[in-house]
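Coordinates in review
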Amino acid sequence: MATPESELPTKQELLGEEYEEDEDEEDGEEGWDDWESDGDDAAGGGGGGGGGGLLCLFCSERFGSESSLFSHCASEHKFDFYGVVKETTGMDFYGCIKFINFVRSKVAENKCWSCGQVFSSNSELCGHLHASEIPQPEGKVPWGDDLYLKPFMEDDSLLHSLSIFDDDDEEESCGMPVERGECSTGNGTLAETCESNLKSIIDDDSDVVGKFEKACTVESKDGECSGSLAQDPSDKQLKIARASAAARGIKSVDDSYFGSYSSFGIHREMLGDKVRTEAYRDALLCNPSLMNGATVLDVGCGTGILSLFAAKAGASRVIAVDGSAKMVSVATQVAKNNGFLYDENMEMEQKRDTQVISVVHTKAEELNHKIQVPSNRFDVLVSEWMGYCLLYESMLSSVLYARDHFLKPGGAILPDTATIFGAGFGKGGTSLPFWENVYDFDMSCIGKEVTGNSAKFPVVDILASEDIVTETAVLHSFDLATMKENEMDFTSSFELRLSESGSSQSGVTWCYGIVLWFDTGFTSRFCKERPVNLTTSPFSTPTHWSQTIFTFEEPIAMTKEGCVVGSSESVGTDDCPAVMIRSRISIVRASEHRSIDISIETTGISSDGRKRSWPVQIFNL
């Protein structure tokens, strides 16, 4: 995939509706024909006041207050929220936030939050619920991970309504000295101002983190003391802002990300990439033992091309998922126009075998909010998730989530392997040759400045194979069928030596940086009849991914091993070229959602064993 800039869809288009279990669902065996998408009525069921109010943790009921909601949970679902919080764990406010998000996430998986038992429907889960059986020594609770600070459900009103610690808040603020930071708010004017500022933070999605930091700084009028409201755990609104700021930042990036894919230009580019599209086509159409009668989940479907291939290959059911409302509409129309769209209102005897595709507007992580996934799950998970340098966009985490939650044990994931490669490139991989002769004029001064800027930012471009001057090194390989999400962050050490084709007749070849590319494999593990390899190598047909180029701060002179150089000059210079470059590259997910940070450490080694290391270069993609 690539990421263009384009007009973003509206917030309303990007917000999904909450999934509601059909109250009349039969207890019989669930099959794919029982699948239903949420319509406009989904949020209005139950006696909880239609689409407003606080949504129950377990069913579709809504309530006007926190106390009535938790009373319902205790009487109907055997869930004593106050008992768990106050008597068992003694959790603080953040613990409550985590606890609620943890329970919602388990219910979305039809899994008992207490014992972990999995059920085929929400109604079965609700019939099973029982009092907590979880041993809860302090700090050992299953919801202790900070990932549960992120709201599981968008705009979850319950998180903003928690009052369990309000009594404590009042006790601490009733005219008593403020011990934290030894700072008093005096007559309360400053506190009211801060509360007003906080409200503007929570109501305004823009620059949440920056405004939060600004509003949290408190200084008394007389200048005697200063502190930070963010340090006061008794302030409920600040706690909510702190817990949700990061989540809102993620949502903003997601909105931009999915919005960028509503442009047809990027889809034209991807569909026109024959290497990419034909690799997926061959993997899906040429492996009948895998695809005949299979149930398929297509994550990030875009125009729906992979779902169309799957349906054409004989899949019995295809669920296509995308976060762009516009592309969901487009994919639905495309499937309909080609006779592949599943119509749940059509009688079974009227349906054709090819009418198997349903398109769902949601992120993969929230699929359970939108549809009822049968207990037998999916046979095949397919996704074109790769970004520049393989991991840019970080869509892989969504694919791994879908694999762990929706793919049946032993099910196929396509592709199932991915490998990142690297090599050193020469002067031709920079813009220097262009600027050295512009209509017979020397503009190399511009070329040097451009190359200097390239040492600060990665460049995505197609590199000619003749510009590769070293042998190729394998940086890292991923087994997508078994890898964990944290394995997306890795560090690789490797060595680069001049290749035969990269050697210069003068004996010295200049290496200007390192270029990375990737392969993905549809291996014989799942594609038994016809394994396929998709490569973005500079030695193969170019793709829309191109390659990712990282330019050194200064080029490194290299020579073939066996060439003895007796100079005392610095390693990597013309007088003392390196016979090997030893590099250490780290690729990690950046603090900015869907971005990655790359650090490159470089050491040149001469023929006599002397070493020279250059400063670490850090890039953001």
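Quantities reported herein were computed from a predicted structural model and do not represent experimental measurements. Along each chain, residue indices are assigned from 1 in the same order as the chain's sequence is written. Only residues with pLDDT of 70 or above have their local features reported here, since the model is predicted, and side-chain atom pairs are shown and tallied only from 80 upward, although totals for entire chains, interfaces and linings are computed over all residues. Side-chain measures here rest on the full set of heavy atoms in the structure, leaving out hydrogens and waters.

A few points about the overall build of the protein chain
Numbered from the N terminus, helices here are DSSP runs of H or I no shorter than four residues, and strands are runs of E no shorter than two. Helix and strand content of the protein chain: 18 helices and 19 strands. Per-residue accessibility takes into account occlusion by the displayed protein chains alone, with areas from the Shrake-Rupley method and a 1.4 Å probe. A total accessible area of about 28,800 Å² is found for the protein chain, and carbon and sulfur atoms account for 48% of it.

Description of helix α18 (residues 444–454)
Whether a residue is buried, partly exposed or exposed follows from its accessible area with a 1.4 Å probe, protein chains only, as a fraction of its type maximum: under 20%, in between, or over 50%, in that order. Buried residues of α18: S444, G447, T451 and S454, and no others. Projected down its long axis, α18 carries its buried residues within an arc of 65 degrees, all on one side. Opposite the packed face of α18, turned more than 90 degrees from it, sit the exposed residues C445 and E449. Throughout, a contact is declared for two residues whenever any of their heavy atoms are within 4.5 Å. The inward-facing, buried residues of α18 abut α17 (432–436), β11 (459–461), β16 (547–558) and β19 (611–620). This arc corresponds to the set of directions leading from the helix axis out to the C-beta atoms.

Concerning the pairing of β19
Both strand β18 (residues 596–605) and β19 contribute to a ladder of eight bridges, which runs antiparallel. Within β19, the position partnered with S599 by the bridge is I618. Strands qualify as paired when DSSP identifies two bridges or more between them. Where β18 folds back onto β19 in an antiparallel hairpin, the turn is made up of five residues, including G609, whose phi is positive at roughly 90 degrees.

Quick notes on the UniProt feature "domain: C2H2-type" (unreviewed entry) in the protein chain
UniProt positions are given in the numbering used here, feature names are shortened, and annotations may be inferred rather than shown by experiment. Here, the residues flagged by UniProt with the feature "domain: C2H2-type" (unreviewed entry) are residues 56–77. The span residues 56–77 carries 55% helix and 9% strand; its end-to-end C-alpha distance comes to 10 Å.

A few points about the environment of L159
Turning to its location among the elements, L159 is positioned in the loop between α5 (122–128) and α6 (166–173). For the pair L159 and E66, spaced 93 residues apart in sequence, the C-alpha to C-alpha distance is 9.7 Å.

Focus on the sheet that holds strand β5 (residues 295–299)
Taken in spatial order, the five strands line up as β7-β6-β5-β8-β9 in an open sheet, and their pairing is parallel. Looking along the sheet, the strands with just one partner apiece sit at the ends: β7 (357–361) and β9 (407–414). Between one strand axis and the next, the sheet turns through 25 degrees on average, direction left out of account. Pairing geometry for β5 and strand β6 (residues 317–322), over five bridges, is parallel. Within β6, the position partnered with L297 by the bridge is I319. Those strands touched by helix α13 (residues 305–312) are β5, β6, β7 and β8 (378–382), and its axis lies near 175 degrees from that of β6. Packed on one face of the sheet, helix α16 (residues 396–406) meets β5, β8 and β9 and runs near 150 degrees to β9. Lines are fitted to the C-alpha atoms to define the axes, a helix being fitted only along its stretch in contact, and any angle between axes, read from their N-to-C directions, falls within 0 to 180 degrees.

Describing the packing of helix α11 (residues 274–285) against α13
At a minimum axis separation of 9 Å, α11 and α13 run at an interaxial angle of 25 degrees. As the angle between them shows, α11 and α13 are arranged roughly parallel. Crossing of α11 against α13: the hand is right-handed. From α11, T277, Y280, R281, L284 and L285 reach across to α13, where they touch I305, L306, F309, A310 and K312. Working rule for angles: under 35 degrees goes down as roughly parallel, over 145 as roughly antiparallel, 65 to 115 as roughly perpendicular, anything else as oblique. Helix crossings fall into two classes, left-handed where the near helix is turned counterclockwise from the far one by less than a right angle and right-handed where it is turned clockwise.

A short note on the packing of aromatic side chains
Aromatic rings from Phe, Tyr and Trp, taking only the six-membered ring of Trp, are treated as a pair when their centres fall within 6.5 Å; an angle between ring planes under 30 degrees marks them as stacked, one over 60 as edge-to-face, and anything in between as tilted. Using the criterion set out here, one finds 21 aromatic pairs in the structure. Seen from their ring centres, F421 and W517 are 6.1 Å apart, and the 20 degrees between their planes marks the pair as stacked. Residue F421 is located in strand β10 (residues 417–425), and its partner W517 is located in strand β14 (residues 509–522); the two are separated by 96 residues in the primary sequence. Classification of W517 as buried rests on a relative accessible area of 4%. Taking 5.4 Å as the distance between ring centres and 75 degrees as the angle between the ring planes, the aromatic pair formed by F518 and W545 counts as edge-to-face. With a gap of 27 residues between them, F518 in strand β14 and W545 in the loop between β15 (532–535) and β16 connect regions that are remote in the sequence. Through a chain of ring-to-ring contacts, the aromatic side chains of F58, F70, F79, F81, Y82, F99, F102, W113, W143 and Y148 assemble into a single cluster. A ring has a charge above it when a Lys NZ or an Arg CZ is no more than 6 Å from the ring centre and no more than 35 degrees off the ring normal. Taking the ring centre of Y342 as reference, the NZ or CZ of R317 above it sits at 3.7 Å.

A look at unusual backbone geometry
The amide bond that connects L414 to the next residue, P415, takes the cis arrangement and shows omega of -5 degrees. One can find P415 in the loop between β9 and β10. In this structure, Y439 is a non-glycine residue whose phi angle is positive, near 50 degrees. With respect to the element layout, Y439 can be found in the loop between α17 and α18.

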